[in-house]
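Working through the structure, step by step
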Amino acid sequence: MSGRVTQSVFLKGVHRIQEEASSKVLILGGDEYGIRIAEVLKNNAFDSTVLFEPNEKYPANPKAEIVQGLILNISGFMGNFSVQIETSSNVTHSKFGYIVAAQPPHRKSKINAFAINDSKSIYNLSEFKDYLKSGGRLPERKDRWRHIAFFFDLKGSSEVSQFETLVSVLDRLETEDRLQPYVFTRNLKVASPGLDARFRYHRQRGVVFFKFDNGDPVINQDENGSVITFVEPLLGEQMELTPDIMVFDEILGPTDSLKPILNLIPSSPAFAPYLQPESSRFQGVETPKAGIYAVGPSRGVFDIESLNADVQAVTVAILKASMEKPDLSGKGVASVDHGKCTFCLTCLRLCPHGAIGFISRPEIDPLSCRACGVCVVECPMGAIEIRPLGDFTHSTETVSRPIKLIVCAKSGLQAAAKIKAGILSDVEIIALQCAGNVSAASLLEYFRDGARGVIVAGCFKGNCASIYGSTLAERRVGYAAEILNQAGFDPERLEFTSVAGNTPETVVEAIMKLKSRIHHY
Amino acid sequence: MKKETLIIGGGITGLSLAWELSCLGISSTIVEKAPFMGGHVSNFACKATQTCQKCGACQLEDYLSKVHKAENVDLMVSSTVDSLTQNGRDFKAMILQRKSMIVSDKCDDCGLCLKVCPVEGALFYPAFDSRLYISNEKCLNSIGVHCEICAQICPQGAVELQEKSREVETEVASIAICTGFSPYDPTQKLKFGYPRVPGVITSLELDSILRTGNFQSAAFGETPKSIAFIQCVGSRDPRSGTNYCSQICCGVSIRLARLIKNRYPDINLTIFYMDIQTFEREFDRTLDRAQSDINFIRAMPSEIHSDEDGFPRVVYHGGDETRQMALFDMVVLSVGIVPRDPDLPGSFPGLWKNRDGFIGSDDNGVDAGHPGIFVAGAAQGPKSISACVSHAILAASQIKRYLDRTMRGE
C-alpha cells in the first residue's frame, strides 16, 4: 500500500464512535439562505455556524455565527464530523454533528457560447438584474427607440428560476420610455405559479418573443456595436437587429466547493457534481450519507419556492436524525469480524453510504449503515456480517418451496405483496434491505439446497437507495449463471429482474417464465 | 383517539405528511374518501425503461408501507369529514366511515358476488390492485337501500356489509388539507373531440392503460401504430380559466412517450407543444434523447376530428402559418391540473383561494390563513409527485412549529 493512498484513506475515515455526539450544525453557504437555515435551526434548539467562502460578501448584521474561510478537509460521521477550516488568520479544527450544503449556485455565463466578446453593453442576466437594482440606468438615445435583446434557453436549457428573473427584469423596465425589449428563446420556462400570466402580460404590452426551433440567431460585433442576424421563426424572413444592450441567461449548477463533501461518499461519482442522487429514494434534502444534507443548488433546485421549502426541510431532517438511536445490538446493521479482516479497505471504498471509517481498523458507523450489504458481499475475506431484520426471517413453512424469489424490501417486497397467493404457492420470498446483499455464492447455495429456480428482483437502475446495489446484484446473478452453465445446468433457472413497488406484473412474468422452463425438466 | 393532526386526503401528499409527522413524534389521522389510500398516483404506471425515469410513482408504495407500520398514524378509508368545528384552539371533527368491505384475506376471487350484484361498478377491481373493493358511491347500502345479495352468496364469508356509516368523533389540534387536484375536463374543449372521436384519450387514461398492461387489453383492440400527444390541454389557457402552467405535463408526456418507445419501438410518436418545461437535471441530455426518436411539433392544434375510417385527425398550423393535417391511431390529451374543492365542512375565517383557484397559502407556502389549518400538495397548486412530497415535508415542519407554540401557550 503506497503512503499517499494510505494517508487519504486514513483522513477520510477518522471517527470515534465512543465520543459524545455533537449536535452543532455546519452550514456551508454564502447568501441569505445559509443564515435563514441557521435561524430556523436555532428556533429548534440547534446551534450552527455558517461558513462563507473568502470571496463572498460578509453580511452587515449577521443573525448567525459566521466564519469566513475554506474547508480543507472533512471526515467522520453524523454526530462526529471533524472539519478543518482555513480562515484568513489560521487553520481551525472543529467538531460538528451535521453538515448542510447550502451554497449559492455556480453560474456559468453563456456569452462565450455565442462567440462574442464581453463588452460594456453585454450583461449576464444576474449581473443585469443587480445593475438595475442598484439604480443602474439604460443608455439614453434622443434620436430613436432603444432596443434591448434578451437571450434565454438558447445554447443550453434554462431553469424556471432564470425565466422568473427575466420577467422581473421586464417588470422593472416597464416604466422606461421608448424602450423595445426582444426575447430570443427556444422554450419559455413558465412552470411556476403565476409566471405564465406575467409572461403573457409582457407579450401583450409589446415585448417581442422569437422562439427558435433550430437556427439560433447569430451575433456579429464590430466597432459600432453588435448586430443580431436571424430568420424570424414564424415568417421565415431574414432579419437584423442592432441592440443597445444584450442580456444573456446563465447555466446554473452546483458549486465546486461541494468536493470535500462528495469525497466523503464513495458512491458520489454516480451523482457528482450534485450532492444528492436524482432519485425519489432521497426525499427533501437527504443524501446517501447520514448527517449530510443538500439544499437548493447542491441538489439541482434553483427556484425560490423550492429553496424556501429546503430551508425548512433541513430542520425536519436534522430533528429526525437526532431522534434516531444507534442500534448497538447489531441487528440490521453490518459489523466487522476483526479476526478475519486483513485491512484491504474494500468495504471503505465501496460503501455507498460512506458508513465505514478507519482508525486502527475498519469500523461501521451504526447510524450511517443502511444494511444494504454491499460490503458484506464484496469483502474478500467474508469478514463482514449483517443479520437480517426481524420481518424478513425465513419461515419453516416456505423453506421447502422450489422457487426462491429474492427481493429488495424497497421494491420487490412491495410488488410481491400485490401478487395473488396462487401464483406464489411454490415460491419462497426472501427479503433483503437491498439486492446489493445478494452474492453469487448464496445463489448457488440455494440450488445446492434444492431450489429449482431463483429470481432476484432488485430496483431499476437509478432507483436503488444504495446507488449501485441492484447493479452489483445483476452482475453477481450473471456470474452465478455462468457457473451454473459451466457445471452443465440451465443458466436460465437464475434470473435478475428490475422491479418497482408498483410493477408486480414484472415479477409475475419472471415467475411464470421460470415455472414454464422448470416444467420441461 | 385524540390525534394531533387531521389529514384530509390519503394521496401521496397526505401519506408522506403523515410519515414525516410520525418521524417528528406527531400523531395523525388520515381521512380518505376512496376505499383505498393512494389517490391519483395509484393509477400511474412505473415509467422505467431499462432505467428509472424518476417519475416518482413508486414512492406511493414506499410511503404506504411506511405509514402502515407507523404506530401513531390512523388510516381511515371510505371516510369523509362530516362536520368540523372550532373548539378553543382545537378542532372537533365528525368523521363518517362506511365499513362495508371485502376482507381480502378471505376472498378467493371466485367472482360470484360480481355476477349477482345488481349495480354495475358497485364491486370493482381498481386498475392497480388485484383485490376487490366495494364502491362507496355505487353500493346500494351506501345510499340507504338495504341489499345483501353479495354477502349471502359469498362462500368465503368475505363480504362485510354495514348499512349505516360509523360516526367517529375526534378532537385534533391541527388540520392539513391534502385533497389534491382534479384533472382538467377535456370535454370542455369540444374542438378536441373528447370523448366523441374514437382514439382520443387523456394522459391519465394512457397512464392507467400502461399501468395495468397493454393496449390490446384496453378498449382499443389493437396496439396503435402512431400516437400524438397534445400538450397544454387546459393549461396556460386563460379562456379555459387556467391562466397557469400545470408544471407536470411535459414530464408526464415525455416519460410516457419514452416508456411506449421502449415497449413498442415501432410506434411513431409526435408531441405537439408550446414550450417544453425543464423537469429534471441535465435537461439537455433528456431533451436530445427524446428528440432523437419522438417528433416534436411546436403548435397548438386547432381541431381533432374523426377521418372516414374513424381515426383521429389533428388539424394544426405549422410554423409557416399553413394549415396542416396529420392522422394518428391515438391522440393523447395531456390534461392539466385544476383546483378541486376540498369540501371542508364548516367555515373558518381566513381561508382563501389564490388567483388560480387553489387553496391559498401565505409566504411560507403551507399556512392556509386560519390558525391550525394547513394546506399541502396539489391542493395548493400544480405539483409533481416529488414536489408534493417536498411540500409535505415543509408542511410537517410548520405543523410542528405551530404545535410547539400552542403547547407553550403562545
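Quantities reported herein were computed from a predicted structural model and do not represent experimental measurements.

**Brief notes about the domain arrangement of chain A**
The domain architecture assigned to chain A consists of domain 1 (3-105 + 254-323), domain 2 (107-251), domain 3 (334-386) and domain 4 (390-518). Relative placement of domain 2 of chain A and domain 4 of chain A: their C-alpha centres are 56 Å apart.

**A few points about the interface of chain B and chain A**
Interface size is often expressed as the accessible area that is lost when the parts come together. Of the residues lining the interface, 60 residues belong to chain B; the matching set on chain A comes to 56 residues. Here chain B and chain A share an interface that buries about 4700 Å² over both sides, 48% of which is from carbon and sulfur atoms. Broken down residue by residue, the surface that chain B buries against chain A is led by B:Glu61, B:Arg281 and B:Arg298, which jointly contribute 15%. Its salt-bridge partner being A:Asp213, residue B:Arg298 comes within 2.9 Å of it at the nearest N-O pair. Seen at the junction of chain B and chain A, the total is 27 residue pairs in polar contact (both at pLDDT 80 or more). For the side of chain B that touches chain A, the element with the most residues is helix α8 (residues 385-407) of chain B, which contributes 8 residues. Looking at side-chain class alone, the side of chain B that touches chain A contains 23 nonpolar, 16 polar and 21 charged residues.

**Observations concerning the pairing of strand β17 (residues 312-317) of chain B**
All names here are of chain B. Relative to β17, strand β16 (residues 303-306) is paired through 4 bridges, and the arrangement is antiparallel. Bridging across to β17, histidine 305 finds its partner in arginine 313. Taken together, β16 and the strand that follows it, β17, pair antiparallel across an intervening segment of 5 residues, in which glycine 310 is found at a positive phi of about 85 degrees.

**Digging into the environment of A:Ile384**
Residues and elements named next belong to chain A. Inspection of the secondary structure puts isoleucine 384 in strand β21 (residues 384-386). Residue classification places isoleucine 384 among the buried residues on the basis of a relative accessible area of 6%. Each C-alpha atom, one on isoleucine 384 and one on arginine 198, is 59 Å from the other, the two residues being 186 residues apart in sequence. When neighbours within four sequence positions are excluded, isoleucine 384 is seen to be in contact with Ala334, Ser335, Val336, Cys347, Ile364, Cys375, Val376 and Cys379.

**Description of the sheet that holds strand β25 (residues 494-499) of chain A**
Residue and element names in this part refer to chain A. Taken together, 4 strands build an open sheet; the order of strands is β23-β22-β24-β25 and the sheet is parallel. Bordering the open sheet on either side are β23 (427-432) and β25, each of which pairs with just one other strand. For this sheet, the mean inter-axis angle between neighbouring strands, taken without regard to orientation, is 20 degrees. Helix-sheet contacts for helix α12 (residues 469-486) involve β24 (453-459) and β25, and the interaxial angle to β25 is about 165 degrees. Running at roughly 165 degrees to β25, helix α13 (residues 504-518) makes contact with β22 (403-408), β23, β24 and β25 of the sheet.

**Things to note about the packing of helix α7 (residues 304-323) of chain A against helix α1 (residues 12-23) of chain B**
As a packed pair, α7(A) and α1(B) sit with axes 9 Å apart at the nearest point and diverge in direction by 50 degrees. If you check the angle between α7(A) and α1(B), you find them oblique. Between α7(A) and α1(B), the contacting residues are A:Val316, A:Lys320 and A:Met323 on the first element and B:Trp19, B:Glu20 and B:Cys23 on the second. Across the contact of α7(A) with α1(B), the residue classes tally to 4 nonpolar, no polar and 2 charged.

**Observations concerning the sheet that holds strand β2 (residues 48-52) of chain A**
Within a sheet, each strand pairs with its neighbour through backbone hydrogen bonds, oriented either parallel or antiparallel. All names here are of chain A. Taken together, the 7 strands give an open sheet; going across it, the order is β5-β4-β3-β2-β1-β6-β17, and neighbouring strands pair in mixed fashion. Two strands lie at the open edges of the sheet, namely β5 (91-96) and β17 (292-294), each paired on one side alone. Averaged over neighbouring strand pairs, the angle between their axes works out to 35 degrees when direction is ignored. Where strand β4 (residues 80-87) meets β5, 6 bridges bridge the pair, whose relative direction is antiparallel. Paired with serine 82 across the bridge in β5 is lysine 95. Strand contacts of helix α2 (residues 32-43): β1 (25-28), β2, β3 (65-77) and β6 (98-101), with the helix running at about 175 degrees to β2, the strand carrying the most contacts. The strands touched by α7 within the sheet are β1, β6 and β17, with β6 carrying the most contacts at an inclination of about 160 degrees.

**Re unusual backbone geometry**
With an omega of 10 degrees, the peptide bond running from A:Ala272 to A:Pro273 counts as cis. Mapping A:Pro273 onto the fold places it in the loop between α6 (259-262) and β17. Cis rather than trans, the peptide bond between B:Tyr194 and B:Pro195 has omega equal to 0 degrees. Here B:Pro195 is to be found in the loop between β11 (181-183) and β12 (200-202). In this model, B:Asp109 sits at a positive phi of 60 degrees, which is unusual for a non-glycine residue. Inspection of the secondary structure assignment puts B:Asp109 in the loop between β6 (101-102) and α3 (112-116).

**Here we look at the environment of B:Leu64**
Residues and elements named next belong to chain B. Mapped onto the elements of the fold, leucine 64 is located in helix α2 (residues 59-69). Judged by relative accessible area, which is 17%, leucine 64 ranks as buried. Spatially, the C-alpha atoms of leucine 64 and glycine 38 are 7.9 Å apart, while their sequence positions differ by 26 residues. Ignoring any residue separated from it by four or fewer positions in sequence, one finds leucine 64 in contact with Leu15 and Met37.

**Some remarks on the pattern of salt bridges**
Residues and elements named next belong to chain A. Going through the model one piece at a time under the given rule, you end up with 38 salt bridges over all chains. Arginine 361 is the partner of glutamate 363 in a salt bridge, and the nearest nitrogen-oxygen pair spans 3.5 Å. With a relative accessible area of 36%, arginine 361 lands in the partly exposed category. In this structure, glutamate 495 and lysine 513 form a salt bridge, with 3.6 Å as the shortest nitrogen-oxygen distance. Note that glutamate 495 is positioned in strand β25 and lysine 513 in helix α13, a separation of 18 residues in sequence.

**Details of the side chain of B:Ser78**
Residue and element names in this part refer to chain B. By the element assignment, serine 78 lies in the loop between β3 (73-76) and β4 (79-87). You can call serine 78 buried: its relative accessible area is 7%. Among the polar contacts made by the side chain of serine 78, one reaches the side chain of asparagine 136 at a distance of 3.3 Å. Not counting residues within four places of it along the chain, the set of residues in contact with serine 78 comprises Glu32, Lys33, Ala34, Pro35, Leu96, Gln97, Arg98 and Asn136.

**Looking at the domain arrangement of chain B**
Residue and element names in this part refer to chain B. Taken domain by domain, chain B holds domain 1 (3-98 + 165-180 + 340-407) and domain 2 (184-336). Just the C-alpha atoms count here: the centres of domain 1 and domain 2 sit 31 Å apart. In this assembly, 19 residues from domain 1 lie in contact with 17 residues from domain 2. Together domain 1 and domain 2 conceal approximately 1500 Å² of surface at their shared face, both sides included; 54% is due to carbon and sulfur atoms. For the pair domain 1 and domain 2, the number of links is 1 salt bridge. At the boundary of domain 1 with domain 2, the tally comes to 6 residue pairs in polar contact (both at pLDDT 80 or more). Of the residues contributing to the side of domain 1 that touches domain 2, the split by class is 8 nonpolar, 6 polar and 5 charged.

**Regarding helix α4 (residues 160-173) of chain A**
Along an α-helix, residues three or four apart share an orientation, since each turn contains 3.6 residues. All names here are of chain A. Over its 14 residues, α4 extends 20 Å from the first C-alpha to the last, a length consistent with the 20 Å expected when each residue adds 1.5 Å. In terms of residue burial, α4 counts as a mostly covered element, since 10 of its 14 residues are buried. Turning to α4, its buried residues are Val160, Ser161, Gln162, Phe163, Thr165, Leu166, Val167, Val169, Leu170 and Leu173.

**Examining the confidence of the model for chain A**
Summary statistics for chain A give a mean pLDDT of 90 and a share of 93% for residues scoring 70 or more. Low pLDDT, under 50, characterises residues 1-18 of chain A; the predicted model gives this stretch 29 contacts beyond four residues in sequence or across chains.

**Quick notes on the packing of aromatic side chains**
Residues and elements named next belong to chain A. Going through the model one piece at a time under the given rule, you end up with 31 aromatic pairs over all chains. Ring centres 6.3 Å apart and planes at 5 degrees place the aromatic pair tyrosine 182 and phenylalanine 210 in the stacked group. With tyrosine 182 in strand β10 (residues 179-185) and phenylalanine 210 in strand β11 (residues 208-211), the pair connects residues that are 28 residues apart, well separated along the chain. Among the aromatic residues, those joined into a cluster by ring pairs are Phe114, Phe151, Tyr182, Phe184, Phe210, Phe212, Phe230 and Phe248. A cation sits over an aromatic face here: lysine 155 above phenylalanine 114, 5.2 Å from the ring centre.

**Description of the nonpolar core**
Within the largest apolar cluster, 97 residues are counted, with the highest numbers of intra-cluster contacts made by A:Val100 and B:Leu17. For this core, the leading source of residues is α8(B), giving 11 residues. Setting aside its immediate chain neighbours within four residues, B:Leu17 contacts B:Ile7, B:Ala176, B:Cys178, B:Ala392, B:Ala395, B:Ala396 and B:Ile399.

Calculation rules
Residues numbered from 1 in each chain as written. Chains lettered and ligands numbered in written order. Predicted model: local features only at pLDDT ≥ 70, side-chain atom pairs only at ≥ 80, totals over all residues. Heavy atoms only, no water. Domains from an automatic or database assignment. Contact = heavy atoms within 4.5 Å. Buried area = accessible area lost by both parts, 1.4 Å probe. Salt bridge = Lys/Arg side-chain N within 4 Å of Asp/Glu carboxyl O. Polar contact = N/O pair within 3.5 Å; in protein donor to acceptor, adjacent residues only side chain to side chain. Helix = DSSP H or I, 4+ residues; strand = E, 2+ residues; numbered from the N terminus. Nonpolar A, V, L, I, M, F, W, Y, C, P; charged D, E, K, R; others polar. Pairing = 2+ DSSP bridges. Buried < 20%, exposed > 50% of the residue type's maximum accessible area, 1.4 Å probe, protein only. Axes fitted to C-alpha atoms, helices over the stretch in contact; angles between N-to-C directions. Parallel < 35°, antiparallel > 145°, perpendicular 65-115°, else oblique. Expected span 1.5 Å × (residues − 1). pLDDT = per-residue confidence, 0-100. Phe/Tyr/Trp six-rings, centres within 6.5 Å; stacked < 30°, edge-to-face > 60°. Lys NZ or Arg CZ within 6 Å of the ring centre and 35° of its normal. Core = buried A, V, L, I, M, F, W, Y, C linked by side-chain atoms within 4.5 Å.

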